[in-house]
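Observations on the model geometry
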Amino acid sequence: MKINGVEFEALIDTASKISVMNREAISKFDKPLAKSEIIIEVVNGQTFQASGEIPCNVEFNDEKHNITLVYIPNFKHDILLGVDWIYAAQPTFD
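Residues numbered from 1 in each chain as written. Predicted model: local features only at pLDDT ≥ 70, side-chain atom pairs only at ≥ 80, totals over all residues. Heavy atoms only, no water.

Taken as a whole and assessed by the stated rule, the structure comprises one salt bridge. In this structure, Glu37 and Lys35 form a salt bridge, with 3.8 Å as the shortest nitrogen-oxygen distance. Taken as a pair, Glu37 and Lys35 share a single burial class, namely exposed. (Salt bridge = Lys/Arg side-chain N within 4 Å of Asp/Glu carboxyl O. Buried < 20%, exposed > 50% of the residue type's maximum accessible area, 1.4 Å probe, protein only.)

As structure tokens, this is what we get:
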């Protein structure tokens, strides 16, 4: 899959309401981060403020969809696509 023209492997998470990127992923983009008002709640109930966000074009199976990736610097995976992307893309998998 490509995000803003950059090839990535992404984790798809049907339990996540938002799509997320980490420090490694953001370093590959040539766009500035916008301030984010998103408060993230993790499984154990802890909450924290997102560090920023960036509008992105996600290309998967020859289809393109625009979503916002939320920046969490120390996130384990480069890219996590949540239900915001799933609703936009309606992907099918073999």
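Still more to cover.
Okay, the sheet that holds strand S1 (residues 2-3) next. Read across the open sheet, the seven strands follow the order S2-S1-S7-S8-S4-S9-S3; overall the sheet is mixed. Edge positions in the sheet fall to strand S2 (6-7) and strand S3 (11-12), since each of these pairs with one other strand and no more. Two elements, S3 and strand S9 (residues 79-81), share two bridges in a ladder whose sense is parallel. Looking at the pairing, Leu11 lines up with Leu80 of S9. (Pairing = 2+ DSSP bridges. Helix = DSSP H or I, 4+ residues; strand = E, 2+ residues; numbered from the N terminus.)

Another aspect to go through is the environment of Leu33. Inspection of the secondary structure assignment puts Leu33 in the loop between helix H1 (23-26) and strand S5 (39-41). Sequence-wise, Leu33 and Ser51 are 18 residues apart; in three dimensions their C-alpha atoms are separated by 8.7 Å. Sequence-distant contacts of Leu33, that is, excluding residues within four places in its chain, are made with Met21, Ile26, Ser51, Gly52, Glu53, Ile54 and Tyr71. (Contact = heavy atoms within 4.5 Å.)

Take the packing of aromatic side chains next. Within this structure, the stated rule accounts for two aromatic pairs. With a centroid separation of 5.8 Å and an interplanar angle of 55°, the aromatic rings of Phe8 and Phe29 are classed as tilted. Taken together, the residues span a long stretch of sequence, with Phe8 in the loop between S2 and S3 and Phe29 in the loop between H1 and S5 at a distance of 21 residues. Phe29 matches Phe8 in its accessibility class, with the two residues each being buried. (Phe/Tyr/Trp six-rings, centres within 6.5 Å; stacked < 30°, edge-to-face > 60°.)

Once that is clear, we can look at the nonpolar core. Ranked by size, the top nonpolar core spans 20 residues in total, and within it Ile3, Met21, Phe29, Leu69, Ile79, Leu81 and Trp85 carry the most contacts. Looking at this core, the elements that each hand over two or more residues are H1, strand S7 (52-60), strand S8 (63-71), S9 and helix H2 (83-89). Contact partners of Leu69, with chain neighbours within four places excluded, come to Ile3, Ser19, Val20, Met21, Phe29, Gly52, Glu53, Ile54, Cys56, Ile79 and Leu81. With six residues, the next largest nonpolar core counts Val20, Ile40, Ala50 and Ile72 among its residues. (Core = buried A, V, L, I, M, F, W, Y, C linked by side-chain atoms within 4.5 Å.)

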